[in-house]
Amino acid sequence: MNFFLLINITGILVFIGVAFLFSKDKKNVNWKAISILVIFNLFLVWVLTAFSGGRWFIGQVAKAFTWLIDTAFSGIGFAFASMVHVENMDVVFSALMPILLVVPLFDILTYLGILPKIIKLLGWGLSKLTGQPQFESFYAIEMMFLGNTEALAVSGGQLKSMSQQRLFTISLMSMSCVSAAMIGVYTQMLPAEFVLTAIPLNVINAIIVTSILNPVVIPKEEDVIFEMKKEDKPPFFSFLGDSILGAGKLILIITAMIIAFVSLAALIDKLLLLIAPWLTLSSILGTIMTPFSLLLGLSFSEAFQAAQYMSTKLVTNEFVVMIEIMPIMDTFSPHMKAVLCTFLVSFANFSTVELILGCFKGIVSKEKSDNLSKGVWLMIISGTLVSLLSAGFVGLFVW
């Protein structure tokens with residue numbers, strides 16, 4: 001294990017090195033701030049995975065989400081009794097239908113002003129810890145709760161006035177988020193301790209990676225967060241109805257994407273089999289990602305298997321892989337389960353790029369959005385490195 005632990009440590013350094021290799025301004029990388037973030041990451045992962053108090057806290061949060069999901073099944077079971085109370089429940093019902101309760105709940109917390117206050121407080125604390133610009137820190141926390149597209153929409157007023165360089169940082173960070181409303185879904189498919197550990201890690205690692213890829217130095221007078229304009233709130237039940245409809249659309253979108261991506265992957269596999277009986281999409285993708293998964297401290301056989309899942313997640317989405325590994329997760333070693341599950345907990349994939357760029361087109365000028373489109377390849381690198389770093393940090397403490 002000592003050998004694999006050494007590889008795992010080396011992997012974290014390599015991932016940071018890869019970010020530096022692609023940095024747009026190597027001279028202005030703030031290594032002091034990055035060192036502080038790495039140390040904080042180590043402390044955070046230790047608390048959440050190895051410290052008894054941290055594990056207890058994670059357990060309580062997991063129980064809260066389990067209780068919330070069980071509550072959601074009161075309504076789901078009422079509407080679909082024959083499909084819910086069965087031994088082998090379809091994944092759409094077991095994992096996705098609870099979104100109909102979880103998303104409106106977070107929207108209600110936003111409507112009441114509770115969630116924005118939490119986001120602002122955590123964003124302020126993160127800015128003080130990292131020494132990074134206030135808005136970037138605020139946005140990282142905002143993404144953790146709201147998701148990338150929602151956070152972009154909420155911050156649209158400030159984004160319009162920001163420089164091209166800072167907008168590019170925001171686009172890079174947007175590849176690494178997870179909406180808090182999806183936590184309930186993820187904890188139905190993956191071990192809750194890894195889901196709840198990955199989410200704050202992604203925030204910190206997004207700042208680490210983007211601070212290296214695209215260092216930004218701004219004058220003190222520009223380091224501000226615009227106050228959001230207070231708009232008239234719609235009537236509560238009108239707002240709630242829109243939230244529920246939005247949650248329903250989200251379920252349909254995710255279901256459609258799962259069906260489409262799995263079907264397309266199967267089609268590609270059948271075409272590849274015409275060329276060679278051993279050739280599949282997963283084997284090709286796995287070969288590409290194996291060097292990176294080896295750096296997570298996995299044996300070669302585990303690394304190749306994990307690499308196939310990681311690549312599939314990047315090309316399709318996390319749900320496709322989660323559904324695939326759910327029945328066999330207990331066959332994984334503790335270390336492989338930890339790094340793979342952590343890697344999966346993010347929106348980093350090719351389809352997310354289009355969502356982010358589409359949001360920017362609706363917020364900033366055409367010239368700025370077109371310039372952002374030129375950095376697509378760096379957005380993919382950013383999201384992948386953040387997921388690898390989060391997996392690498394968790395892997396240090398789980399064997």
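Being a predicted model, the structure only gives us computed values, none of them experimental. (Residues numbered from 1 in each chain as written. Predicted model: local features only at pLDDT ≥ 70, side-chain atom pairs only at ≥ 80, totals over all residues. Heavy atoms only, no water.)

Caption draft 1: Summary view of the overall build of the protein. Check the secondary structure of the protein and you find 21 helices and 0 strands. Relative to the globule expectation of 21 Å for 399 residues, the C-alpha radius of gyration of the protein, 21 Å, shows essentially globular dimensions. Along the first, second and third principal axes, the C-alpha set of the protein runs to 60 × 55 × 50 Å. Long-range pairs, those at least 24 residues apart, make up 77% of the contacts in the protein with a sequence separation of at least 6. With the model as given, the accessible surface of the protein reaches about 18700 Å², and the carbon-plus-sulfur share is 69%. Across the protein, the 23 positively charged side chains and the 24 negatively charged ones have centroids separated by 8 Å. (Helix = DSSP H or I, 4+ residues; strand = E, 2+ residues; numbered from the N terminus. Rg over C-alpha atoms; globule rule 2.2 N^0.38 Å. Contact = heavy atoms within 4.5 Å. Areas by Shrake-Rupley, 256 points an atom, 1.4 Å probe, with all protein chains shown as cover. Lys, Arg positive; Asp, Glu negative; His and termini not counted. Charge placed at Lys NZ, Arg CZ, Asp CG, Glu CD.)

Caption draft 2: Representation of the packing of aromatic side chains within the structure. In the structure shown here, the tally under the stated rule is 11 aromatic pairs. Look at Y111 and F236: their rings are 5.5 Å apart centre to centre, the planes differ by 70 degrees, and that puts the pair in the edge-to-face class. Taken together, the positions of Y111 in helix α6 (residues 99–111) and F236 in helix α14 (residues 236–273) put the pair 125 residues apart, joining distant regions of the chain. Of the residues examined, Y111 reaches a relative accessible area of 15% and is grouped as buried. Ring geometry for F236 and F237: centres 5.3 Å apart, planes at 80 degrees, overall edge-to-face. By the ring-pair criterion, three or more aromatic residues cluster together here, those being Y111, F236, F237 and F239. Against the face of F20 rests K26, its NZ or CZ located 5.7 Å from the ring centre. If you follow K313 out to its NZ or CZ, it ends over the ring of F343, 5.5 Å from the centre. (Phe/Tyr/Trp six-rings, centres within 6.5 Å; stacked < 30°, edge-to-face > 60°. Buried < 20%, exposed > 50% of the residue type's maximum accessible area, 1.4 Å probe, protein only. Lys NZ or Arg CZ within 6 Å of the ring centre and 35° of its normal.)

Caption draft 3: Structural view of the pattern of salt bridges. One pass over the structure, following the stated rule, counts 3 salt bridges. We note a salt bridge from K337 to D330, for which the minimum N-O separation is 3.8 Å. When the shortest N-O distance is used, the salt bridge between K366 and D370 registers 2.8 Å. Separated by 4 residues within a single helix, K366 and D370 lie in helix α20 (residues 366–373), roughly one turn from each other. A relative accessible area of 32% places D370 in the partly exposed class. (Salt bridge = Lys/Arg side-chain N within 4 Å of Asp/Glu carboxyl O.)

Caption draft 4: Main features of the UniProt feature "domain: Concentrative nucleoside transporter N-terminal" (unreviewed entry) in the protein. Per the UniProt record, "domain: Concentrative nucleoside transporter N-terminal" (unreviewed entry) is found at residues 11–82. Here residues 11–82 is 83% helix and 0% strand, with 48 Å between the C-alpha atoms at its ends. (UniProt positions renumbered as here; feature names shortened; annotations may be inferred.)

Caption draft 5: View of the side chain of S293. Within the secondary structure, S293 is located in helix α15 (residues 281–294). The class of S293 is buried, set by a relative accessible area of 0%. A distance of 2.7 Å separates the side chain of S293 from the backbone oxygen of A303, its partner in a polar contact. In this structure, S293 is in contact with L298, A303, F304, A307 and M310, ignoring residues within four places of it in sequence. (Polar contact = N/O pair within 3.5 Å; in protein donor to acceptor, adjacent residues only side chain to side chain.)

Caption draft 6: View of the packing of helix α19 (residues 350–361) against α20. Contact geometry of α19 with α20 gives a least axis separation of 9 Å together with a crossing angle of 165 degrees. Accordingly, the angle class assigned to the pair α19 and α20 is roughly antiparallel. The handedness of the crossing between α19 and α20 comes out as right-handed. Contacts between α19 and α20 involve L357, F360 and K361 on the former and, on the latter, S369, L372 and S373. The class makeup of the residues in the contact of α19 with α20 is 3 nonpolar, 2 polar and 1 charged. (Axes fitted to C-alpha atoms, helices over the stretch in contact; angles between N-to-C directions. Parallel < 35°, antiparallel > 145°, perpendicular 65-115°, else oblique. Left-handed = near helix turned anticlockwise from the far one by under 90°. Nonpolar A, V, L, I, M, F, W, Y, C, P; charged D, E, K, R; others polar.)

Caption draft 7: Region of the structure containing the confidence of the model for the protein. Taken over all residues, the pLDDT of the protein has a mean of 83, while the share at 70 or more is 96%. For the protein, helix α9 (residues 148–154) is the element with the lowest average pLDDT, namely 72, and helix α18 (residues 334–344) is the one with the highest, namely 94. (pLDDT = per-residue confidence, 0-100.)

Caption draft 8: Spatial organisation of the side chain of T197. Mapped onto the elements of the fold, T197 is located in helix α13 (residues 192–213). On the basis of relative accessible area, T197 is assigned to the buried category, the value being 0%. Setting aside its immediate chain neighbours within four residues, T197 contacts L48, T49, I58 and V394.

Caption draft 9: Main features of a nonpolar patch on the surface. The grouping of L264, L267, L271, L274 and I275 at the surface amounts to a nonpolar patch, some 560 Å² of accessible area in total. Within the secondary structure layout, L274 lies in the loop between α14 and α15. Note on L274: relative accessible area 72%, which makes it exposed. (Patch = residues over 30% accessible without salt bridge, like charges linked within 9 Å, V, L, I, M, F, W, Y side chains within 5 Å.)

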